[in-house]
Every structure is written in C-alpha cells, then in structure tokens.
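# Survey of secondary and tertiary structure
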Amino acid sequence: MKAGRLLSYLYVLALFAFVFAPIVTSMVFSFNSDRFPTVPLGSFTTHWYETAFSRPEVWTAFGNSAVVALCAGALSTALGFATAYTDFRYGFRFKTAYLALALLPPTIPLVIMGLAMLAWLGRLGLSGTLPGIIIAHTVMGAPFAMAICRLRLQQMDTSLEAAAWNLGASPWRAMRSVVIPFCLPALVSAYCLTAAVSFDEFIVAWFVSGLNKTVPVMILEILQGNVDPQINAIGTVVFLTSMTLVIVAQLLILKKSAK
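For every chain, the first residue of the written sequence is number 1, and numbering continues from 1 along that sequence. Totals for whole chains, interfaces and linings use every residue, but because this is a predicted model, local features are given only for residues with pLDDT of at least 70 and side-chain atom pairs only at 80 or more, for both listing and counting. To get the side-chain values, all heavy atoms of the structure are used, and hydrogens and water are removed first.

### A word on the overall build of the chain
Which entries qualify depends on this criterion: By the criteria applied, helices consist of DSSP H or I runs no shorter than four residues and strands consist of E runs no shorter than two, each listed in order from the N terminus. When a residue's accessible area, from a 1.4 Å probe over protein chains only, is under 20% of the maximum for its type it is buried; when over 50% it is exposed; and in between it is partly exposed. The contact rule is simple, with two residues in contact once any of their heavy atoms fall within 4.5 Å. Note that accessible areas follow from Shrake-Rupley with a 1.4 Å probe, and for residues the cover is restricted to the protein chains shown. Neither His nor the chain ends is counted toward charge; the positive residues are Lys and Arg and the negative residues Asp and Glu. By convention, the charge on Lys lies at NZ, on Arg at CZ, on Asp at CG and on Glu at CD.
Summing up its helical and strand segments, the chain has 11 helices and 0 strands in all. Expressed along its principal axes, the backbone C-alpha trace of the chain runs to roughly 70 × 60 × 30 Å. Counting only residues that meet the buried cut, the chain has 35% of its 259 residues in that class. Summarising the internal contacts of the chain: among those between residues at least 6 apart in sequence, 70% fall at separations of at least 24. Of the accessible surface of the chain, which amounts to about 14,700 Å², a share of 72% is contributed by carbon and sulfur atoms. Counting 16 positive and 10 negative side-chain charges, the chain places the averaged centre of each group 16 Å from the other.

Structure below.
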C-alpha cells in the first residue's frame, strides 16, 4: 500500500514537473541578463521587463486583452448561466440536441473556428475590431461557463424556486432572490475561468484581431525572426494573470463542494 501511494505521488510530481518545467524555465530566463537562454545563467536583471513595458504597443495589447477578457467573461457567464438554467428548469423536445449544440464550440478545431469567425464577422463588418474578438471569445467561453453553472444548479433543491413562487414572488424576483444568490460562487468562478481562457487565447484572436492585437498575437509578432528575452517577461506576466484567475475559480468551486 505504501509503495503504491509513493508511486502515485511520484507520478503526480513527474506530471506537474513535465507541465510546469518549461514555464518555470521561461520565468527564470526572464530575469537573466544574457540575451540567449543558456546555462550557466548571467546576472539577475529586470531589464527585459523594463524594455518590454516601455513599449506603447505592449500596453495597448494588454489593454485590448483586458477589455476583451472582461467583456467576453461577462457575456460568456451570462449565456452559460441562461443555458444551464434552461436545462435545469425546463423539459422540452430536442433538449439533447440543444445541449449538444451549446457544448459544441470546444470540440471544433481552433483553426476551423478562427476561419469561420473571420468569414462571419467579415460579413457583419466586425472583423479586425474589439467587438469582433469579444464575440469570438464569447462563443468559445460560454460552454465552459455553462458546465460550471450546471454543476452548481444540480446541487439546488428544485422546490426552492417553487416555494418562492408560492409565497408571492414573481419569476424574476425568485431568480434574483433565490437562484442567483445560490449560483453566485459558480457565476464568479465561471467569470474568472472564461476571462482566463479569453486572455490566453491566440489562434482565433490571430484570425479576427486585425490591427487590434491582443497579447498572444503580439508575442507571435515579436517572436518571428529573432530570439527576444522580452517574450519571457511578457509571457511571465500573462501566465501569472491567467493562473490567478484559474486558481480563484478553482478555489470557489472547491469551497462550495466542501460545504
């Protein structure tokens, strides 16, 4: 038993090392004075952070990514909650097809999704605009929000809402006073997760962003044709931002599950 548990711990440790070793390496080299990622390391420096964040286009890209992530997270959460609540409250014909369609976007290859979004947004005149990127990222994020909200709604007593109706609450009042407060941790968690997905997303943004570049698109442009340590600095900030959002979302889910 002890040997099996030890092997399990070693397996998990090796898995985490395999996943995070490249990221940690990039973070270490972001503070290395040498231009090229070689060992032994040079002296400690913050020069690459100062150089990267002294560029106006970097701040513009971060601003674009922040606006897109905040808006796409809010829209994805609203759509995901509405879809999950429809599944929770109502029974109707073709409900299975409805849910399958709602969960379809994550199963589509990102290149195909990017091409489809480019064609569709182009016809609407939104290709190359921030609203266009927000729409594309909302389509991608809504299924994740729906999954989180469905998980929370499945823990809700179906008689609670009916009891509020019997006490004189309108459907909207019952929604505001019963359902939304019950789902609030899941809503915040879904918002954080979908915002993180949007902030990191590259392929679809590359197709539809045009001149309004997000951070991942800008990183690719800097990377093309040369090795630039600024990539490590920018990537470290992006990683820490996304991980913070994901950890907050996970903590909210685990906290409610424990209760």
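### Description of the nonpolar core
We count it as follows: Grouping buried Ala, Val, Leu, Ile, Met, Phe, Trp, Tyr and Cys residues that are joined through side-chain atoms within 4.5 Å yields what is termed a nonpolar core.
Core analysis: the biggest nonpolar cluster contains 18 residues, and Phe53, Val58, Phe62, Val215, Met218, Ile234 and Val238 have the highest contact counts within it. Those elements that provide at least two residues to this core are helix 2 (47–52), helix 3 (56–89), helix 8 (171–200), helix 10 (215–223) and helix 11 (230–258). Counting 12 residues, the second largest nonpolar core, distinct from the first, contains Phe81, Ala84, Met156 and Cys183.

### Quick notes on the packing of aromatic side chains
Heads up, the rule is: To pair, rings of Phe, Tyr and Trp, with the six-membered ring standing in for Trp, must have centres within 6.5 Å; the planes then decide the type, stacked if under 30 degrees apart, edge-to-face if over 60, and tilted in the middle.
Counted under the stated rule, the structure contains 11 aromatic pairs. Judged by centre distance (5.9 Å) and plane angle (5 degrees), the ring pair of Phe16 and Phe20 falls under stacked. With Phe16 and Phe20 both in helix 1 (residues 2–29) and 4 residues apart, this pair spans about one turn of that helix. Between Phe53 and Phe62, the aromatic rings sit 5.5 Å apart at their centres with planes inclined by 40 degrees, giving tilted as the arrangement. On the basis of relative accessibility, which here comes to 19%, the residue Phe53 falls in the buried class. Through a chain of ring-to-ring contacts, three or more aromatic side chains come together here, namely Phe53, Trp59, Phe62 and Phe199.

### Things to note about the pattern of salt bridges
The line we're drawing: Take a side-chain nitrogen of Lys or Arg and a carboxyl oxygen of Asp or Glu: if they are within 4 Å of each other, that pair is a salt bridge.
A complete count under the given rule lists 3 salt bridges for this structure. Where Asp87 meets Arg150, a salt bridge forms, and the shortest distance between an N and an O atom there is 2.9 Å. One end of the pair, Asp87, is in helix 3; the other, Arg150, is in helix 6 (residues 130–153), with 63 residues separating them in the sequence. Judged by its relative accessible area of 24%, Arg150 falls in the partly exposed class. One network of salt bridges, with partners in common, ties together Asp87, Lys95 and Arg150.

### Digging into a nonpolar patch on the surface
To keep it simple, the criterion reads: Here a patch means residues that are over 30% exposed by relative accessible area and free of salt bridges, tied together within 9 Å if like-charged and within 5 Å if nonpolar (Val, Leu, Ile, Met, Phe, Trp, Tyr).
A cluster of nonpolar side chains, namely Tyr11, Val12, Leu15, Phe16, Phe18 and Val19, defines an oily patch on the protein surface of about 660 Å² accessible area. Within the element layout of this structure, Val19 appears in helix 1.

### Notes on the side chain of Thr138
Rule in force here: Any pair of N or O atoms that falls within 3.5 Å is considered a polar contact. Within protein, one atom must be able to donate a hydrogen and the other to accept it, and sequence-neighbouring residues count only if both atoms are side-chain atoms.
With respect to the helices and strands, the residue Thr138 is situated in helix 6. At 2.7 Å, the side chain of Thr138 forms a polar contact with the backbone oxygen of Ile134. The contacts of Thr138, once residues within four sequence positions are left out, are Ala72, Leu75, Ser76 and Leu79.

### As for the state of the cysteines
Each disulfide is one covalent bond, formed between the sulfur atoms of two cysteines. As a reminder of what qualifies: The disulfide definition used here is simple: a pair of cysteine sulfur atoms within 2.5 Å.
Throughout the structure, instances matching the rule amount to 0 disulfides. Cysteine Cys149 is unpaired, with the sulfur of Cys183 as its nearest cysteine sulfur at 6.3 Å.

### What to know about the environment of Ser76
By secondary structure assignment, the location of Ser76 is in helix 3. For Ser76, a relative accessible area of 1% puts it in the buried group. Ser76 sits 58 residues away from Ile134 along the chain, and the two C-alpha atoms are 9.7 Å apart. Not counting the four nearest positions on each side in its chain, Ser76 is found in contact with His137, Thr138, Gly141, Ala142, Ala145 and Thr194.

### Examining unusual backbone geometry
In this structure, Phe94 is a non-glycine residue whose phi angle is positive, near 65 degrees. Considering the arrangement of structural elements, one finds Phe94 in the loop between helix 3 and helix 4 (95–102). You can call Phe94 exposed: its relative accessible area is 58%.

### Some points on the packing of helix 3 against helix 6
Rule in force here: Helix axes use the C-alpha atoms of the stretch in contact, all axes being lines fitted to C-alpha atoms, and the angles between their N-to-C directions lie in the range 0 to 180 degrees. With respect to orientation, any angle under 35 degrees is reported as roughly parallel, any angle over 145 as roughly antiparallel, any angle of 65 to 115 as roughly perpendicular, and every other angle as oblique. By convention, the crossing between two helices is left-handed when the near helix turns anticlockwise from the far helix through less than a right angle, and right-handed when the turn is clockwise. For this scheme, ten residues count as nonpolar: Ala, Val, Leu, Ile, Met, Phe, Trp, Tyr, Cys and Pro. Four count as charged, namely Asp, Glu, Lys and Arg, and the remainder, Gly too, count as polar.
Direction vectors running N to C along helix 3 and helix 6 enclose 40 degrees, while the axes themselves pass 5 Å from each other. What the angle tells us is that helix 3 and helix 6 run oblique. Classified by chirality, the crossing of helix 6 by helix 3 is right-handed. Of the residues in the contact of helix 3 with helix 6, the class split is 17 nonpolar, 8 polar and 2 charged.

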